[in-house]
Amino acid sequence: MSGGGNGSAAVPTHIVMFPWLAFGHISPFAQLTRRLIVGSGDGVFRVTFLTAAGNVTRVEAMLAEAAGTVKVAPLDLPSVPGLPAGAASTAELSADGAELLKVALDGTRPQVAALLAELRPDAVIFDFAVPWVCDVAAPLGIKPLYFNVYSAATLALLAVPARCPGGRCPSAHDLMAAPAGFTSDSPLVTLPAYQAADLTYAYESFYSLPSVYHRFIPCFEGCAAAVMKTCAEMEGPYIDYFSAQIGKPVLLAGPVVPEPPQGELEERWSSWLSSFPENAVVFASFGSETFLPAAAATELLLGLEATNRPFLVVLNFPKGADAEAELAARVPPGLEERVKGRGVLHTGWVQQQRILQHPSVGCYVNHSGFSSVVEGLAAGCRLVLLPMNTDQYINSAVFARELHVGVEVVRRGEDGWFGRDAVSDAVAAAMAAGGDGEGRKWREFLLDDAVQKGYATEFVRKLKDLVKVA
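Residues numbered from 1 in each chain as written. Predicted model: local features only at pLDDT ≥ 70, side-chain atom pairs only at ≥ 80, totals over all residues. Heavy atoms only, no water.

Moving on, we get to the overall build of the protein. Along the backbone of the protein there are 19 helices and 13 strands. On C-alpha atoms alone, the protein measures out to a radius of gyration of 22 Å, which is about the 23 Å that the 2.2 N^0.38 rule sets for 470 residues. Referenced to the eigenvectors of the C-alpha coordinate spread, the extents of the protein come out at roughly 75 × 50 × 45 Å. Sorting the 470 residues of the protein into buried and exposed places 55% on the buried side. Look at the contacts in the protein between residues 6 or more apart in sequence, and 69% of them connect residues 24 or more apart. Within the protein, one finds 35 positive and 48 negative side-chain charges whose respective centroids are separated by 3 Å. (Helix = DSSP H or I, 4+ residues; strand = E, 2+ residues; numbered from the N terminus. Rg over C-alpha atoms; globule rule 2.2 N^0.38 Å. Buried < 20%, exposed > 50% of the residue type's maximum accessible area, 1.4 Å probe, protein only. Contact = heavy atoms within 4.5 Å. Lys, Arg positive; Asp, Glu negative; His and termini not counted. Charge placed at Lys NZ, Arg CZ, Asp CG, Glu CD.)

Take a look at the structure:
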């Protein structure tokens with residue numbers, strides 16, 4: 001344990017980080033690690049970062065700037081029937097495979113218990129998938145801290161005790177209304193049927209294991225506090241409601257703003273983008289783990305064609321899919337010839353931050369992932385929000401209707417269908433005079449160095465107060 005008294009040199013506070021094995025979770029944990037190490041100064045913290053052995057090299061690269069004070073410790077995942085050998089993250093798996101990955105991660109409990117007993121850190125910051133960390137850590141005198149990688153609004157709407165009164169899980173119809181006591185002026189007070197139906201996933205059990213909701217609740221019950229990568233200015237009412245529901249303090253780390261990208265933009269993209277005027281290009285990308293159904297992707301492409309603007313679309317597909325065949329199934333007949341020179345389709349990784357920051361890119365069509373919206377805002381792009389599942393729907397409502405950032409693509413309430421006209425109309429509205437809404441205000445807020453340093457300093461102070469040894 002940390003501590004230094006009677007004139008002895010201060011010992012760094014030791015934190016163990018333990019995220020769920022999805023890079024949409026690993027990345028925020030890595031960002032939080034960097035905020036602790038870089039934001040607090042030399043020698044204040046040291047971190048041990050737990051992940052599956054197959055992720056170690058990639059995680060070490062993410063934490064390279066803090067290498068001297070961060071150690072990435074590998075976990076050996078046990079074999080699970082049906083889970084591909086060597087699987088280490090959800091990026092390599094189907095939705096069913098991701099559920100089996102939870103089985104494997106649960107199987108690392110003896111390894112994690114042995115590591116914590118050996119390391120005796122001051123705190124372990126853990127993810128929703130491993131609520132059993134609380135049972136392992138607390139008897140050792142280690143403070144378990146739950147870290148929420150989602151928006152505060154998502155937890156407040158879906159994961160609080162009021163959502164399952166009397167232990168009864170909500171139906172799709174129940175999920176169309178907010179839980180008891182929820183902030184009354186929120187755009188989330190009512191949800192359309194298609195979104196409510198999708199959100200039932202959080203309450204479903206797979207392989208006789210706890211549902212997502214039933215992993216969240218013991219996290220809240222067992223943790224000493226919750227940590228959130230948000231701020232009161234953006235999500236104050238949701239933070240307050242969530243904190244009151246779980247009866248635990250909430251430590252705010254502040255919204256995570258993307259760090260400047262490394263290297264130059266690849267020549268093929270730089271050359272193509274530079275052939276268009278400033279703010280002319282629409283960039284559409286939906287992250288590495290959000291996949292548009294064929295019909296939706298086709299309407300997206302036809303909608304972008306109808307804007308008469310140049311566009312670059314990145315479409316990705318599940319691991320093991322034939323990307324060329326999947327792409328061909330989504331491209332309308334004759335589209336490539338009609339948009340030749342001004343429309344580009346791509347599958348696979350791209351330098352997203354560099355593309356967003358290119359002067360020719362003016363509009364960013366995205367899936368409303370919290371980090372993606374912040375990334376687009378920071379780059380100065382107008383935003384079109386096209387959420388495809390779960391927390392993305394919640395983020396879209398908060399950003400567009402509360403923070404007045406971005407234009408939502410209009411959809412049918414019963415099934416979520418959207419057409420090409422809805423896409424082209426949303427792009428036109430975003431790019432029109434005033435289409436930025438309050439984007440400039442929030443961009444300046446997010447990029448204010450003093451604000452960011454203030455969040456980091458306050459978070460570090462509260463964290464040290466929480467874990468310090470008397």
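Our focus in this paragraph is the pairing of strand 4 (residues 123–126). Taking every second residue as pointing to the same face, both faces of strand 4 are buried, with Ala123 and Ile125 on one and Val124 and Phe126 on the other. Sheet topology places strand 1 (residues 13–18) next to strand 4; 4 bridges connect them, and they run parallel. Pairing of phenylalanine 18 across the sheet is with phenylalanine 126, part of strand 4. Bridge analysis of strand 4 against strand 5 (residues 143–148) gives 4 bridges, and the strand direction is parallel. Paired with alanine 123 across the bridge in strand 5 is lysine 143. (Pairing = 2+ DSSP bridges.)

Attention shifts here to the sheet that holds strand 8 (residues 281–285). What the 6 strands build is an open sheet, ordered 10-9-8-11-12-13; its pairing is parallel. In this open sheet, the two edge strands, each paired with only one partner strand, are strand 10 (343–346) and strand 13 (407–408). Bridge count between strand 9 (residues 311–314) and strand 10: 4 bridges; the pairing is parallel. Looking across to strand 10, one finds that leucine 312 is bridged to valine 344. Running over the sheet, helix 11 (residues 294–306) touches strand 8, strand 9, strand 10 and strand 11 (361–366) and is turned about 170 degrees from strand 9. (Axes fitted to C-alpha atoms, helices over the stretch in contact; angles between N-to-C directions.)

Bringing the nonpolar core into the picture now. Nonpolar side chains in soluble globular proteins tend to end up buried together. In this structure, Phe18, Phe126, Tyr146, Leu188, Phe220, Phe242 and Phe283 are the most contacted members of the largest nonpolar core, which totals 101 residues. Excluding anything up to four places from it in sequence, phenylalanine 242 contacts Leu155, Val160, Phe220, Ala226, Met228 and Val250. The next biggest cluster of nonpolar side chains, apart from the first, holds 33 residues, and it includes Phe286, Ala296, Ala297 and Ala430. (Core = buried A, V, L, I, M, F, W, Y, C linked by side-chain atoms within 4.5 Å.)

Within this structure, the stated rule accounts for 21 aromatic pairs. Residues tyrosine 146 and phenylalanine 216 carry aromatic rings whose centres are separated by 6.2 Å and whose planes lie at 85 degrees to one another, so their mutual orientation is edge-to-face. Taken together, the residues tyrosine 146 in strand 5 and phenylalanine 216 in helix 8 (residues 212–222) connect sequence positions 70 residues apart. Like phenylalanine 216, tyrosine 146 is buried. On the numbers, 4.9 Å between centres and 70 degrees between planes, the contact of tryptophan 272 with phenylalanine 276 is edge-to-face. Across the pair, exposure class does not vary: tryptophan 272 and phenylalanine 276 are buried alike. Following the ring pairs from residue to residue traces out a cluster consisting of Trp20, Phe126, Phe128, Tyr146, Tyr150, Phe216, Phe220 and Phe242. The ring of phenylalanine 23 has arginine 58 sitting right over it, with the charged end atom 3.6 Å from the ring centre. The lysine or arginine in question, lysine 464, covers the ring of phenylalanine 45, its NZ or CZ lying 5.6 Å from the ring centre. (Phe/Tyr/Trp six-rings, centres within 6.5 Å; stacked < 30°, edge-to-face > 60°. Lys NZ or Arg CZ within 6 Å of the ring centre and 35° of its normal.)

Tallied over the entire structure, the rule returns 19 salt bridges. Close ionic contact of glutamate 99 with lysine 102 constitutes a salt bridge, the shortest N to O distance being 3.4 Å. Of this pair, glutamate 99 and lysine 102 both sit in helix 3 (residues 95–106), 3 residues apart, which is roughly one turn of that helix. Summarising the burial analysis for this pair, glutamate 99 and lysine 102 share the class buried. Between glutamate 408 and arginine 401 there is a salt bridge whose closest N-O contact spans 2.9 Å. Here arginine 401 falls in the partly exposed class, since its relative accessible area comes to 43%. Through salt bridges with shared partners, one network takes in Glu458, Arg461, Lys462 and Asp465. (Salt bridge = Lys/Arg side-chain N within 4 Å of Asp/Glu carboxyl O.)

Right, let's talk about unusual backbone geometry for a bit. The phi dihedral of tyrosine 207 is positive, around 55 degrees, even though this residue is not glycine. With respect to the secondary-structure elements, tyrosine 207 resides in the loop between helix 7 (193–199) and helix 8.

What follows deals with the packing of helix 1 (residues 23–40) against helix 19 (residues 449–467). Helix 19 packs onto helix 1 with a crossing angle of 95 degrees between their chain directions and a minimal axis gap of 10 Å. Comparing the axis directions of helix 1 and helix 19 gives the class roughly perpendicular. Residues Leu32, Arg35, Leu36 and Ser40 of helix 1 touch helix 19, and the partners they reach there are Gln452, Tyr455, Ala456, Phe459, Val460 and Leu463. (Parallel < 35°, antiparallel > 145°, perpendicular 65-115°, else oblique.)

Take the pairing of strand 5 next. Among the 6 residues that make up strand 5, 5 are buried, leaving the element largely enclosed by the rest of the structure. Bridging between strand 5 and strand 6 (residues 225–228) involves 4 bridges; their strand directions are parallel. When the sheet's bridge partners are listed, phenylalanine 147 is paired in strand 6 with valine 227.

Averaged over every residue, the pLDDT of the protein is 94; the share at 70 or more is 97%. Per-residue pLDDT stays below 50 along residues 3–8; that stretch engages in 2 contacts with residues further than four places along the chain or on separate chains. (pLDDT = per-residue confidence, 0-100.)

Relative to the elements of secondary structure, asparagine 316 occurs in the loop between strand 9 and helix 12 (323–330). Among the polar contacts listed, one links the side chain of asparagine 316 to the backbone nitrogen of glycine 348, at a separation of 2.8 Å. Once residues lying within four places of it in the same chain are set aside, the contact partners of asparagine 316 are Gly287, Ser288, Phe291, Thr347 and Gly348. (Polar contact = N/O pair within 3.5 Å; in protein donor to acceptor, adjacent residues only side chain to side chain.)

Below, the discussion takes up the environment of methionine 17. Within the secondary structure layout, methionine 17 lies in strand 1. Once residues lying within four places of it in the same chain are set aside, the contact partners of methionine 17 are Phe29, Leu32, Thr33, Leu36, Val47, Thr48, Phe49, Leu50 and Ile125.

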